[in-house]
Amino acid sequence: MTAAIVGGVPVPVHDVDAREARLRSSRLASALPRPGTSEGRQLRRWLTQLLVTERVVAAEADARGLGADGAPTEDDLLPDMTARLEIGSVAAAILGDALARALFVRVTESVDVTDEAVAAYDARNPSRFPDTAHVAEHLRAVARRRAFRLWLDARCAELVELAPGYEHPGDPRQPDNTHRH
């Protein structure tokens with residue numbers, strides 16, 4: 001059985017099963033939803049997203065000839081909870097891997113912010129940073145995280161086909177989606 005296809009290569013359900021089993025045997029087990037429940041199925045969908053995104057990142061890094069050497073640390077790219085929340089849970093989890101961080105650098109190397117954006121931010125938040133160099137650094141980091149997330153979402157949309165039951169957890173068409181307005 002196949003949970004997804006990434007760039008023409010199947011992701012077997014047993015890979016999702018193995019990832020879930022590893023998680024359920026970790027110290028986090030008591031915080032996880034019970035298997036077979038709506039929340040448990042959502043966890044499996046999230047794990048599927050993680051697996052397919054890992055494969056997209058690995059394929060892209062390979063295509064670009066990237067290795068993990070010299071990659072920034074996870075804390076360099078995701079210094080706090082706000083950064084993790086703005087990039088999204090799957091992308092944040094992926095950036096735990098040095099190869100993904102090297103890809104992040106390559107994908108976002110041309111992202112920058114304008115002097116006007118720095119000045120406008122500093123004017124709106126006059127006591128947040130001691131000088132405009134820190135403002136520029138902060139805004140550049142935010143812009144790079146956004147650019148990477150958008151790039152990653154687009155690459156996954158191009159390369160990933162999810163099987164029924166393994167849809168994105170936020171897909172309103174799947175029966176366990178609980179996000180309502």
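Residues numbered from 1 in each chain as written. Predicted model: local features only at pLDDT ≥ 70, side-chain atom pairs only at ≥ 80, totals over all residues. Heavy atoms only, no water.

Under the annotation held in an unreviewed UniProt entry, the chain carries the name Malonyl CoA-ACP transacylase and is attributed to Mycobacterium gallinarum.

J.: Looking at this structure, how should I read the pairing of strand β1 (residues 2-6)?
T.: Regular strands place side chains that alternate from one sheet face to the opposite one. Taken together, the four bridges between β1 and strand β2 (residues 9-12) define a ladder with antiparallel strand orientation. Among the inter-strand pairings, Thr-2 is bridged to a residue of β2, identified as Pro-12. Hairpin connection of β1 to β2: two residues between the antiparallel strands, including Gly-7 at a positive phi of 55 degrees. Of the strand pairs in this sheet, β1 and strand β3 (residues 160-162) are connected by three bridges, and their pairing is antiparallel. In the strand pairing of β3, Ile-5 is matched with Glu-161. (Pairing = 2+ DSSP bridges. Helix = DSSP H or I, 4+ residues; strand = E, 2+ residues; numbered from the N terminus.)

J.: Sorry, what's going on with the environment of Val-16 here?
T.: Mapped onto the elements of the fold, Val-16 is located in helix α1 (residues 13-24). Take Val-16: its relative accessible area is 0%, and that puts it in the buried class. Separated by 78 residues in sequence, Val-16 and Ile-94 have C-alpha atoms that sit 16 Å apart. (Buried < 20%, exposed > 50% of the residue type's maximum accessible area, 1.4 Å probe, protein only.)

J.: Sorry if this is basic, but what is going on with the side chain of Arg-155 here?
T.: Mapped onto the elements of the fold, Arg-155 is located in helix α8 (residues 132-159). Of the polar contacts made by the side chain of Arg-155, one reaches the side chain of Glu-158; its length is 2.6 Å. (Polar contact = N/O pair within 3.5 Å; in protein donor to acceptor, adjacent residues only side chain to side chain.)

J.: Would you take a moment to explain helix α2 (residues 38-63) for this structure?
T.: Three- or four-residue spacings in an α-helix give side chains the same orientation, since the helix completes a turn every 3.6 residues. Taking 1.5 Å of rise per residue, 26 residues should cover 38 Å, and α2 covers 37 Å from first to last C-alpha, within 8% of that figure. Of the residues flanking the end of α2, it is Gly-65, one or two places downstream, whose phi is positive at about 70 degrees. (Expected span 1.5 Å × (residues − 1).)

J.: What's the story with the nonpolar core in this structure? I'm lost.
T.: Generally speaking, a soluble globular protein has its nonpolar side chains buried in company with each other. In this structure, Leu-78, Ile-87, Leu-95, Leu-103, Phe-148 and Leu-152 are the most contacted members of the largest nonpolar core, which totals 27 residues. Only β1, α2, α4 (81-87), α5 (89-94), α6 (98-108) and α8 provide two or more residues apiece to this core. Examining the composition of this core, we find that five residues originate from one element, α2, more than from any other. Setting aside chain neighbours within four positions, we find Phe-148 in contact with Ile-87, Leu-95, Ala-100, Leu-103, Phe-104, Val-107 and Thr-108. (Core = buried A, V, L, I, M, F, W, Y, C linked by side-chain atoms within 4.5 Å. Contact = heavy atoms within 4.5 Å.)

J.: Please explain the layout of surface pockets as it appears in this structure.
T.: If a probe the size of a water molecule is rolled over the atoms, the empty space left behind becomes visible. By volume, the largest pocket is sized at about 340 Å³. Forming the boundary of the largest pocket are 17 residues, of which Gln-49, Thr-53, Val-90, Asp-153 and His-168 lie nearest the centre. Sorting the residues of the lining of the largest pocket by element identifies α2, α5, α8 and β3 as the ones contributing at least two each. Here the lining of the largest pocket is composed, by residue class, of 10 nonpolar, five polar and two charged. Of the voids in this model, the second largest pocket is the one considered here, and its volume is about 250 Å³. Elements represented by at least two residues in the lining of the second largest pocket include exactly α4 and α8. Broken down by element, the lining of the second largest pocket gets its largest block of residues, five residues, from α8. In the lining of the second largest pocket, the residues fall into four nonpolar, three polar and six charged. (1 Å grid on protein atoms, 1.4 Å probe; cavity = no way out; pocket = protein on both sides within 12 Å on 5 of 7 lines; lining within 4 Å. Points joined across faces, edges and corners; volume = space filled by probe spheres on them. Nonpolar A, V, L, I, M, F, W, Y, C, P; charged D, E, K, R; others polar.)

J.: Would you explain the environment of Cys-156 in this entry?
T.: Mapped onto the secondary structure, Cys-156 falls in helix α8. With 15 residues separating them in the primary sequence, Cys-156 and Ala-141 have C-alpha atoms 22 Å apart. Once you skip the residues sitting within four places of it in the chain, Cys-156 turns out to touch Thr-53 and Val-56.

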